[in-house]
Amino acid sequence: MTATDTESRTPAPTAPLLEVDDLQVEFRVGQGVVSAVNGVSFTLEPGRTLAVVGESGSGKSVTAQAIMRLLQTPPARITGGRILFQGKDLLALPETEHRAVCGEHIAIVFQDALAALNPVYTVGFQLTEALRARRHLPRSAAKKRAIELLELVQVPNPKQRVKEYPHQFSGGMRQRVMIALALALEPEVLIADEPTTALDVTVQAQIMRLLGEIQRERQMGMILITHDLGVVAEVADQVNVMYAGRVVETATVDDIFARPGHPYTQALLRSIPRLDRKGQQLDAISGRPPELNRIPAGCPFHPRCERAEDICRTDPAPQLRELAGGRTAACHFAE
Ligand SMILES: Nc1ncnc2c1ncn2[C@@H]1O[C@H](COP(=O)(O)OP(=O)(O)OP(=O)(O)O)[C@@H](O)[C@H]1O
Ligand code: SF4
Ligand SMILES: [Mg+2]
């Protein structure tokens, strides 16, 4: 599928499942403050996939962890904003209630399945326990469902494999088990944080396709954090581009590829290999992202931006503003 081939994707959005509004997260490290998330806002509708892209350290995982309340405090502190699930402010809930809402409605899949699975229990036991605890299934029904879930994520010979331990699975198969565990909860929202980065390219593509199919079939909302713009083109509906803890552009997947508005998005797109530019050098983005305890004044991208002018250094950081066609970008000159 190409970036322009979206006819089969989800129809027009309905009421948001998840709304993140002006989220701010800091880390207090020694005497300094690392501003990891600086006013991130977005919405996720049922049945839609929101891709979050941006260089390493741009605040993608911290945003996801803040939603799930997985950040350790200290050093992390959510200093502002709201996270609404079906209208309920998750940040205002006591810890136990928050855990109950996430346990029932929001699941997360990480890059490192081995770390997330318990090595001393069989995969079947872990799936069965999750189903018993969260979906309140009796043991026999949970065992049956565990096998069905492994089938759903295309683990071969699931009746046998439920009896095996995580180390007996290959990396790709373990990642499928992680996805099965997340799906066991039948979440309305699935957050996938680089779920396939550790795997080889063919397995990555298979798992991403599978996740996309399950997501569409179940009308889950999915937040997909990835470095892989090929995957974005294939599965996303909407794309958020992050830089230095901010969303600097948001647009439909077609618009992001066809008419990116922000110079950073344009540079990101130039840095990926393209079949029609075979043999040409990639334009890696020059310079490095800022340290988040020393974000430059003005537009945070100005030291690396080809289009920077005086106003980019002297005026406060540009906020997201609407461009033609419903796109938004945080740049004085984006059009
Ligand atoms: N435990 C921590 N202590 C201090 N700072 C942290 C901690 N975790 C994250 N940070 C800061 O938050 C920033 C954003 O981290 P985050 O993990 O969200 O990046 P990311 O966009 O997910 O990057 P990657 O693509 O490499 O996964 C980091 O650059 C770092 O400065
Ligand atoms: S505001 Fe200026 S520095 Fe920032 S992205 Fe736009 S042109 Fe570049
Ligand atoms: Mg990350």
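For the structure itself, consult the block above.
Every value quoted in this text rests on a predicted model; they were computed, and no experiment measured them. Along each chain, numbering runs from 1 in the same order as the chain's sequence is written. Starting at A for chains and at 1 for ligands, labels are handed out in the order in which the entities are written. Totals for whole chains, interfaces and linings use all residues, but because this is a predicted model, local features are given only for residues with pLDDT of at least 70 and pairs of side-chain atoms are given and counted only at 80 or more. Excluding hydrogens and water, the side-chain values take into account all heavy atoms of the structure.

Q: So what exactly am I meant to see when it comes to unusual backbone geometry here?
A: Across residues other than glycine, the phi torsion is negative in most instances, and most of the peptide bonds are trans. Between T73 and P74 the backbone carries a cis peptide bond, its omega angle lying at -15°. Secondary structure elements follow DSSP: runs of H or I of four or more residues count as helices, runs of E of two or more count as strands, with numbering from the N terminus. Along the chain, P74 turns up in the loop between helix 1 (60-68) and strand 4 (76-85). The step from P74 to P75 runs through a cis peptide bond, and the omega angle for that step is 10°. In this structure, P75 sits in the loop between helix 1 and strand 4. One non-glycine residue, Q86, lies in positive phi territory at about 45°. Within the secondary structure, Q86 sits in the loop between strand 4 and strand 5 (88-89). Unusually for a residue other than glycine, N157 sits at a positive phi of about 55°. You can see N157 is positioned in the loop between helix 5 (139-152) and helix 6 (158-161).

Q: I would appreciate a short explanation of the site of ligand 1 in the present structure.
A: In this text, near means that some heavy atom of the residue lies within 4 Å of the molecule or strand in question. Around ligand 1, a shell composed of 15 residues is seen, among which S56, G57, K60, S61 and V62 lie nearest. Contacts described as polar in this section are N or O atom pairs within 3.5 Å, which, within protein, must combine one atom able to donate a hydrogen with one able to accept it, while residues neighboring in sequence count only if both atoms come from side chains. Separating an oxygen atom of ligand 1 from a side-chain N or O atom of K60 is a distance of 2.8 Å. At 2.8 Å, a backbone N or O of V62 approaches an oxygen atom of ligand 1. Isolated, ligand 1 exposes 640 Å² of accessible area, and the fraction of that covered by the protein chains is 65%. Taken together, the elements giving at least two residues each to the shell around ligand 1 come down to strand 1 (18-29), strand 2 (32-44) and helix 1. Among the elements that take part in the shell around ligand 1, helix 1 stands out by supplying 3 residues, more than any other. Considered class by class, the residues forming the shell around ligand 1 number 6 nonpolar, 6 polar and 3 charged. Accessible areas in this description were obtained via Shrake-Rupley with a 1.4 Å probe; residue shielding takes into account the shown protein chains only. Asp, Glu, Lys and Arg are counted as charged, while Ala, Val, Leu, Ile, Met, Phe, Trp, Tyr, Cys and Pro are counted as nonpolar; the rest, among them Gly, fall into the polar class.

Q: Looking at this model, I keep getting lost on the pairing of strand 4. Mind explaining?
A: Taken residue by residue, a regular strand's side chains alternate between the two faces of the sheet. Two strands are counted as paired when DSSP detects at least two bridges linking them. Looking at chain direction, strand 1 and strand 4 are connected through 8 bridges and run antiparallel. In the strand pairing of strand 4, Q24 is matched with G80. Sheet topology places strand 4 next to strand 5; 2 bridges connect them, and they run antiparallel. When the bridges of strand 5 are listed, F85 appears paired with K88.

Q: Quick question: what am I supposed to make of the packing of helix 4 (residues 123-135) against helix 5 here?
A: Each packed pair of helices is defined by two parameters, the angle between the axes and the distance between the axes. Two numbers describe how helix 4 lies on helix 5: the axes approach to 8 Å, and their chain directions differ by 120°. Compared by their axis directions, helix 4 and helix 5 come out oblique. Crossing handedness for the pair helix 4 and helix 5: right-handed. Together, V123, G124, L127, T128, L131 and R132 of helix 4 and R139, A142, K143, R145, A146, L149 and L150 of helix 5 make up the contact between the two elements. For the contact of helix 4 with helix 5, the residue count by class is 7 nonpolar, 2 polar and 4 charged. All axes here are fitted lines through C-alpha atoms, helices being fitted over the stretch that makes contact, and every angle between N-to-C directions spans 0 to 180 degrees. By the definition adopted for this analysis, an angle is roughly parallel if under 35 degrees, roughly antiparallel if over 145, roughly perpendicular if from 65 to 115, and oblique otherwise. Less than a right angle of anticlockwise turn of the near helix away from the far helix marks a crossing as left-handed, whereas a clockwise turn marks it as right-handed. Two residues qualify as a contact provided that any one of their heavy atoms is within 4.5 Å of a heavy atom in the partner residue.

Q: Help me understand the pattern of salt bridges in this model?
A: For side chains of opposite charge, pairing can occur when their charged atoms come near one another. In what follows, salt bridge is the name for a side-chain nitrogen of Lys or Arg lying within 4 Å of a carboxyl oxygen of Asp or Glu. For the structure on display, the rule yields 11 salt bridges. One salt bridge in this structure joins R304 and E55, with 3.0 Å as the shortest N-O distance. With a gap of 249 residues between them, R304 in the loop between helix 11 (263-270) and helix 12 (310-314) and E55 in the loop between strand 3 (49-53) and helix 1 connect regions that are remote in the sequence. For the pair formed by R304 and E55, the shared burial category is buried. A salt bridge links E306 to R270; the shortest N-O distance between them is 3.7 Å. With a gap of 36 residues between them, E306 in the loop between helix 11 and helix 12 and R270 in helix 11 connect regions that are remote in the sequence. Only protein chains enter the calculation, and the probe is 1.4 Å; a residue is then buried if its accessible area is under 20% of its type maximum, exposed if over 50%, and partly exposed in between.

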